[in-house]
Amino acid sequence: MTAAPALLQARSLSKSFPGVQALANVSITVASGEVHCLLGQNGAGKSTLIKVLAGAQPPDSGELLWRGELVAFKHPTAALARGIATIYQELDLIGGLSVADNIFLGHEPQSLGFSMRRTIRDEARALLDRLGCADIDAGSIVEMLSAAQQQLVSVARALSYDARLLIMDEPTAVLDRAETETLFRVIRELVAGGVAIVYISHRLDEIREIGSVVTVLKDGRSVAERLPAQSTPTSALVQLMTGRSVEYPFPPRPAPPAVDTRPKVLEVSGLSRSGAFADVSFAVRAGEIVGLAGLVGSGRSELLETIYGAARASAGSVRMGGQTLPGGSTETAVARGMGLAPEERKRQALLLDDSVFHNVSLPSLDRFARAGLIDARRELAAAAEVLGSLDVRPADPERIVRELSGGNQQKVVVARWLLRNCALLMLDEPTRGVDVGARADLYALVRALAADGIGILLVSSEIPEVLGLADRVLVLREGRVIHEAAAAELDEARVLDLIMAGQA
Ligand SMILES: Nc1ncnc2c1ncn2[C@@H]1O[C@H](COP(=O)(O)OP(=O)(O)OP(=O)(O)O)[C@@H](O)[C@H]1O
Ligand SMILES: [Mg+2]
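Just so you know, these numbers come straight off a predicted model, no measurement behind them.

Enquirer: So what exactly am I meant to see when it comes to the overall build of the protein chain here?
Expert: From N to C terminus, the protein chain includes 17 helices and 22 strands. Since a compact globule built from 504 residues should have a radius of gyration of about 23 Å, the 23 Å found for the protein chain is in line with a globular shape. The buried share of the protein chain, taken over its 504 residues, is 54%. The contacts in the protein chain between residues at least 6 apart in sequence include a share of 67% that link residues at least 24 apart. Total accessible area on the protein chain is roughly 21300 Å²; 52% of this is exposed by carbon and sulfur atoms. Side chains of the protein chain give 52 positive and 60 negative charges; the mean places of these two sets differ by 1 Å.

Structure representation (structure tokens):
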């Protein structure tokens, strides 16, 4: 076997932000026809590295060689012109424009006499079809699409460049299993055609599935380069990333009580919302973790939003502590002790230009009020404790949230609700973009909250997470609860069967 030619070579890249050395002498070599995986804990420097490779951020020092030639990209368009296309972790689509316009913004295909718009629509359609996105209309306005659909549009946009190197920063974080499989099929096609992929994910099983080689970053340094993706044990990767071993991330599940007399903190009866879900009934008891499994689009997030009062139900009722909630009022829900950590952190949850501390303490201010004044010391101490237990980095609570890495922003969303002392806590994809080590910490925290008597309702696209953390699992398909069982009685294959049944 002859060595594949180095397509891209980075030598000794360094990059600092105030108070943080994001990259320290990182070198990486990417060859044509390989999927080069980049692993590392939240804040390790992965996104910073790919921004430097893509010309979106200049390095402080170091060199970049493209096909052996020294290059310095001043702007992402310079990298694009060479054939480097990037799908960023925080999507950069323009919400008010159509899907087709987003895909071809700045590089419209040449028209041959026909209306240009028609050409763009057709080309966009072809790319979306290649990604199996029959449900996305090329003329739709992007902000109307779900997070998963937007992610797929940005993949389509990257494909439209006919790139030699495609960089993907956590592309599957918002995708479900079927969407991920389609993406992997496209990746395999591209790689077979000689395209190189730089691939970032916190889902380590994906590395073995799709990866060729692995480079591991830790605290801005490269601690392992070009390890074989197929044969390096996951435990070794985790050890390299975190410096510790995370054998089994889920805390032990307490034996269920023989007769469950724990009070029901949440009772949902016959809840329906047209077009989203229908006739959903279940209860969550104090101290119980109930998991909701289902595909993206099965109505899981809509159900949580409706329970929370952010959307109105068309029928049915939600009771907390025995009292019916008025519906359509998040204030009442929060006042009664309900918390929701939503899935789309940027859009729904975070004040990006405010401090970590404020973001965390915001809904809990009443906890720290005494005679109308906020006890700032207690507030800061309590927030610092939750942030510390989730290992939010950098540990400085005064840091602006926008400057945190993606996974650390996610931890801030969850920390906010951990601090609040809810009676019922709803977590929608709480570990999206969160690294393996921090996941284990988060699971332990959720289990501890349950042990304190808090009811937890958990939504996750990762079936092992639902099965590992929940006591009881509801399976949602097309807006209906089609199965309910103790988590211990289910396995991944069975749940997959249930949620996929009826799908092509
Ligand atoms: N614009 C910025 N200003 C200040 N600090 C920044 C900025 N961008 C990144 N950082 C810091 O650089 C470090 C590396 O961040 P980066 O986003 O590269 O991490 P990551 O490995 O992609 O993490 P994640 O898995 O959470 O996405 C972090 O400590 C982060 O807070
Ligand atoms: Mg990142």
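Next comes the rest of the description.
Enquirer: So what exactly am I meant to see when it comes to the coordination of the magnesium ion (ligand 2) here?
Expert: Bound to the magnesium ion (ligand 2) on the protein side are Ser47 (OG) and Gln89 (OE1), at distances that span 2.0 to 2.2 Å. Separated by 42 residues along the polypeptide, Ser47 in helix H1 (residues 46-53) and Gln89 in the loop between strand E6 (84-87) and helix H3 (99-104) bring together distant segments of the chain. You can call Gln89 buried: its relative accessible area is 17%.

Enquirer: I'm lost on the sheet that holds strand E2 (residues 20-31) in this one. Help?
Expert: Two pairing modes exist for strands in a sheet, parallel and antiparallel, and in both the strands are linked by backbone hydrogen bonds. Taken together, the four strands give an open sheet; going across it, the order is E2-E1-E4-E5, and neighbouring strands pair in antiparallel fashion. Every other strand in the sheet has two partners, leaving E2 and strand E5 (69-71) as the edge strands with one partner each. For this sheet the average axis-to-axis angle between neighbouring strands, irrespective of direction, equals 25°. Where H1 meets the sheet, its contacts fall on strand E1 (6-17), E2 and strand E4 (61-66), and the angle it forms with E1 comes to roughly 120°.

Enquirer: It is not clear to me how the sheet that holds strand E12 (residues 277-285) should be interpreted in this structure. Could you clarify?
Expert: Strand order across the open sheet formed by four strands is E12-E11-E14-E15, with antiparallel pairing between neighbours. For this open sheet the edge positions go to E12 and strand E15 (323-324), each flanked by a neighbour on one side alone. Pairing geometry for strand E11 (residues 264-273) and strand E14 (residues 315-320), over five bridges, is antiparallel. By the bridge assignment for E14, Val268 is matched with Val318. Helix H9 (residues 300-308) rests against E11, E12 and E14 of the sheet, and its axis sits at about 115° to E11.

Enquirer: Help me understand the pairing of E12 in this model?
Expert: A regular strand places its side chains so that they alternate between the two faces of the sheet. One ladder, built from six bridges, connects E11 with E12; its direction is antiparallel. Across the sheet, the residue bridging to Arg273 is Phe277, located in E12. In textbook terms, the turn of a hairpin is the stretch between consecutive antiparallel strands, and for E11 and E12 this stretch comprises three residues, one of which, Gly275, has a positive phi near 80°.

Enquirer: Which parts of the structure should I look at to understand the packing of helix H13 (residues 376-389) against helix H14 (residues 406-419)?
Expert: When two helices pack together, their arrangement is given by the angle between their axes and by how far apart the axes lie. Contact geometry for H13 and H14: axes closest at 9 Å, N-to-C directions at 130°. Taken together, the axis directions place H13 and H14 in an arrangement best described as oblique. Considering the relative orientation of H13 and H14, their crossing is right-handed. Contacts between H13 and H14 involve Ala382, Ala383, Val386 and Leu387 from the first element and Ala415, Leu418 and Leu419 from the second. Residue classes in the contact of H13 with H14 are distributed as seven nonpolar, no polar and no charged.

Enquirer: Looking at this structure, how should I read the pattern of salt bridges?
Expert: Two side chains with opposite charge may pair up if their charged atoms get near one another. Tallied over the entire structure, the rule returns 28 salt bridges. A salt bridge links Arg285 to Asp260; the nearest nitrogen and oxygen atoms lie 3.6 Å apart. One end of the pair, Arg285, is in strand E12; the other, Asp260, is in the loop between helix H8 (234-242) and E11, and 25 residues separate them in sequence. Arg393 serves as the salt-bridge partner of Asp391, at 3.0 Å between the closest nitrogen and oxygen. Since its relative accessible area comes to 27%, Asp391 is described here as partly exposed. The exposure class assigned to Arg393 is partly exposed, which follows from its relative accessible area of 33%. The network of salt bridges with shared partners includes Arg203, Glu206, Arg439, Glu462 and Glu465.

Enquirer: Mind showing me how you'd approach the pairing of E1 here?
Expert: The pairing of E1 with E2 spans eight bridges and is classified as antiparallel. Bridging across to E2, Ala6 finds its partner in Ala31. Linking two consecutive strands that pair antiparallel, namely E1 and E2, is a turn of two residues; a positive phi of about 80° is found at Gly19 within it.

Enquirer: Just checking my understanding: could you explain the side chain of Ser222 for this structure?
Expert: Mapped onto the elements of the fold, Ser222 is located in strand E10 (residues 221-228). A polar contact is formed between the side chain of Ser222 and the side chain of Glu225, at a distance of 2.9 Å.

Enquirer: Explanation requested: the site of ligand 1 in the structure shown.
Expert: Within the structure, ligand 1 sits among 21 residues, and Gly43, Lys46, Thr48, Ser405 and Gly407 are positioned closest to it. At 2.8 Å, a side-chain N or O of Ser47 approaches an oxygen atom of ligand 1. Starting from 640 Å² of accessible surface for ligand 1 in isolation, the protein chains cover 89%. When contributions to the shell around ligand 1 are tallied by element, the ones reaching two or more residues are E2, H1 and H14.

Enquirer: Explain the domain arrangement of the protein chain to me, please; I cannot follow it from the model alone.
Expert: By convention, interface size is frequently given as the accessible area that disappears when the constituent parts associate. Domain annotation of the protein chain identifies domain 1 (6-242) and domain 2 (261-337 + 460-504). Each of domain 1 and domain 2 has a C-alpha centre, and the two are 34 Å apart. Across the boundary between the two partners, domain 1 contributes six residues, which contact four residues of domain 2. Summed over both partners, the interface of domain 1 with domain 2 buries about 450 Å², with 67% contributed by carbon and sulfur atoms. For Arg203, the salt bridge identified is with Glu462, shortest N-O distance 3.1 Å.

Enquirer: When you look at the nonpolar core in this model, what are you seeing that I'm missing?
Expert: Most often, soluble globular proteins keep nonpolar side chains buried together rather than apart. In terms of nonpolar packing, the biggest core is built from 80 residues, with Leu266, Phe282, Ile307, Met338 and Leu457 touching the most fellow members. Considering each element in turn, this core owes the most residues, seven residues, to H14. Here Leu457 is in contact with Leu266, Phe282, Val284, Val290, Leu292, Leu304, Ile307, Leu425, Met426 and Leu427, once residues within four sequence places are set aside. Ranked by size, the runner-up nonpolar core spans 53 residues in total, among them Leu93, Ala100, Ile136 and Leu204.

Rules of the game
The numbers attached to residues start from 1 for each chain and follow its sequence in the written order. Chain labels run from A onward and ligand labels from 1 onward, assigned in the order the entries are written. Under the rules for a predicted model, residues below a pLDDT of 70 receive no local features and side-chain atom pairs below 80 are neither given nor counted, while totals for whole chains, interfaces and linings still include all residues. Remark: hydrogens and water are excluded; side-chain values derive from all non-hydrogen atoms of the structure. Going along the chain from the N terminus, every DSSP run of H or I of four or more residues is numbered as a helix, and every run of E of two or more is numbered as a strand. The globule rule is 2.2 Å times the number of residues to the power 0.38, and the radius of gyration it is compared with is taken over C-alpha atoms. Working definition: with a 1.4 Å probe on protein chains only, accessible area under 20% of the residue-type maximum means buried, over 50% means exposed, and in between means partly exposed. Note on contacts: a residue pair qualifies if any of its non-hydrogen atoms lie within 4.5 Å across the two residues. Here the open area of atoms and residues is found with the Shrake-Rupley method and a 1.4 Å probe, where only the protein chains shown may cover a residue. Under the convention used here, Asp and Glu are negative, Lys and Arg are positive, and both His and the chain ends fall outside the count. Taken as the charge location is NZ of Lys, CZ of Arg, CG of Asp or CD of Glu. Nitrogen, oxygen and sulfur within 2.8 Å of a metal are treated as its donors, or within 3.2 Å for sodium, potassium and calcium (Na, K, Ca); water is not counted, so a site can appear incomplete. Two strands pair under a simple rule: DSSP has to find at least two bridges between them. In this analysis an axis means a line fitted to C-alpha atoms, helices contributing only their contacting stretch, and an angle means the value between N-to-C directions, from 0 to 180 degrees. For classification purposes, an angle smaller than 35 degrees is called roughly parallel, one larger than 145 roughly antiparallel, one from 65 to 115 roughly perpendicular, and anything else oblique. For any helix crossing, the convention is left-handed if the near helix is rotated counterclockwise from the far helix by under a right angle, and right-handed if that rotation is clockwise. Put simply, Ala, Val, Leu, Ile, Met, Phe, Trp, Tyr, Cys and Pro go in the nonpolar bin, Asp, Glu, Lys and Arg in the charged bin, and everything else, Gly too, in the polar bin. Definition used for salt bridges: Asp or Glu carboxyl oxygen within 4 Å of a side-chain nitrogen of Lys or Arg. Whenever a nitrogen or oxygen atom comes within 3.5 Å of another N or O atom, the pair is scored as a polar contact, on the condition that within protein one atom can donate a hydrogen and the other can accept it, and that pairs from neighbouring residues in sequence are kept only if both atoms are in side chains. The rule for a residue being near a molecule or strand is that one of its heavy atoms must lie within 4 Å of it. Source of the domain bounds: an automatic or database domain assignment. A quick way to say it: buried area is the sum, across both parts, of accessible area lost when two parts are put together, with a 1.4 Å probe. In this description, a nonpolar core means a group of buried Ala, Val, Leu, Ile, Met, Phe, Trp, Tyr and Cys residues linked to one another through side-chain atoms lying within 4.5 Å.

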